[in-house]
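This is what each chain is made of:
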Amino acid sequence: MKFSNPYRLMNAGGFTLIEMAMVLMIVALLLGGLLPTISGQVEQRNVAETRKQLDEIQQALIGYAIINGRLPCPASPAANTGMESFASGHNATDGVCSNFYNGYVPAATLGLSGTNINGYVVDAWGNPIHYAVTLWNNVYTQTNGLSTTGISNLPTSTSYLLVCSTSTGINTATPSCGSTGTSLTTGPGVPVIIFSTGKNGGLGGTTSSDETENVAGKRIFISHDFIQDGFDDIVTWISPNILINRMVSAGKLP
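Here is a short report on the structure shown in this document. All figures in this text were calculated on a predicted structure; none of them were measured in a lab.

### Structural notes on the sheet that holds strand S4 (residues 192–196)
The four strands lie next to each other as S1-S2-S4-S6, forming an open sheet whose pairing is antiparallel. Either end of the sheet is taken by a strand with one partner, and the two such strands are strand S1 (103–104) and strand S6 (234–238). Pairing of strand S2 (residues 130–133) with S4, which is carried by four bridges, proceeds in the antiparallel orientation. From the neighbouring strand, Tyr131 faces S4, where its bridge partner is Ile194.

### Observations concerning the pairing of S2
Alternating positions in S2 separate into two faces, His130 and Ala132 on one and Tyr131 and Val133 on the other, with burial throughout. Summarising the sheet, S1 and S2 pair through two bridges and their orientation is antiparallel. Paired with Gly103 across the two strands is Tyr131, which belongs to S2.

### Looking at the state of the cysteines
Summed over the entire model, instances satisfying the criterion amount to two disulfides. Here Cys73 pairs with Cys97 through a disulfide, and the sulfurs are 2.0 Å apart. The S-S bond linking Cys73 to Cys97 shows a torsion near -80°; that makes this disulfide left-handed. In this pair, Cys73 sits in the loop between helix H2 (17–68) and S1 while Cys97 sits in the loop between H2 and S1, placing the two residues 24 residues apart along the sequence. Classification of Cys97 by relative accessible area gives buried; the value is 5%. Each sulfur in the disulfide pair Cys164 and Cys177 lies 1.9 Å from the other. A torsion of -85° about the S-S bond marks the disulfide between Cys164 and Cys177 as left-handed. Placement of Cys164 in strand S3 (residues 162–164) and of Cys177 in the loop between S3 and S4 is noted, with a sequence separation of 13 residues between them. Judged by its relative accessible area of 0%, Cys164 falls in the buried class. Given a relative accessible area of 6%, Cys177 falls into the buried group. The cystine pairing of the protein chain, numbering bonded cysteines in sequence order, is 1-2, 3-4.

### What about helix H6 (residues 240–249)?
Listed as buried for H6 are Pro240, Leu243, Ile244 and Met247. One face of H6 carries all of its buried residues, which in axial projection span an arc of 90°. Structural note: H6 exposes Asn241 and Ser249 on the side pointing more than 90 degrees away from its buried face. Note on H6: the residue one or two positions beyond its end, Gly251, has a positive phi of about 80°.

Parameters and conventions
- Residues numbered from 1 in each chain as written.
- Predicted model: local features only at pLDDT ≥ 70, side-chain atom pairs only at ≥ 80, totals over all residues.
- Heavy atoms only, no water.
- Pairing = 2+ DSSP bridges.
- Helix = DSSP H or I, 4+ residues; strand = E, 2+ residues; numbered from the N terminus.
- Buried < 20%, exposed > 50% of the residue type's maximum accessible area, 1.4 Å probe, protein only.
- Disulfide = S-S within 2.5 Å.
- Arc of directions from axis to C-beta.

Laid out in structure tokens, this is it:
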């Protein structure tokens, strides 16, 4: 009688260890090539989603100004309510905010969704979105401040918030972008700046002086492409012309 070799039968019905190892290696190589592509696509989607959020916040702020005759104060980072925050003893009558330059978007005041447990509207990475508003005479944050002041009496020289292309050479005492940087905001500057601290949540500030400047609580902010030193902030703003024109169109300003 002729007997079959059991090892030969085993090999005929399945993979050898060497063959399995080769298959696993090929799968690993394929996954290794795909993961960076997938990760890049996720980041592109997060950036696009956050830019869309910033655009929606812009429109919500303009809509609020049209209805209420003023811009809301930023939400205080310490309050955890998502409501606009006035300085102690102040309110919309005088428009003195507690955090003009270093607050968050007042999501509850604006009626925005997509907030975290502390009431702050967050970007695609889960970080609270920052909102700064000009301190100039509290005109923009007090009820009917713009209509009382009058369009012709608004500043024509640098008096608002500034956006520069780099923090190198900026002058924070008498705000200017200096001779090194370029001003991205023309004329008197802008009354509103909104920005996301990006994927690193502002931690790029350990190597990026540009990110450090954005959370310094001053009138100057930095915006440029994601190019170096860990900078990945996404910055946008509302110009005085756009805000005033929209309010005029709505019949809120003469």
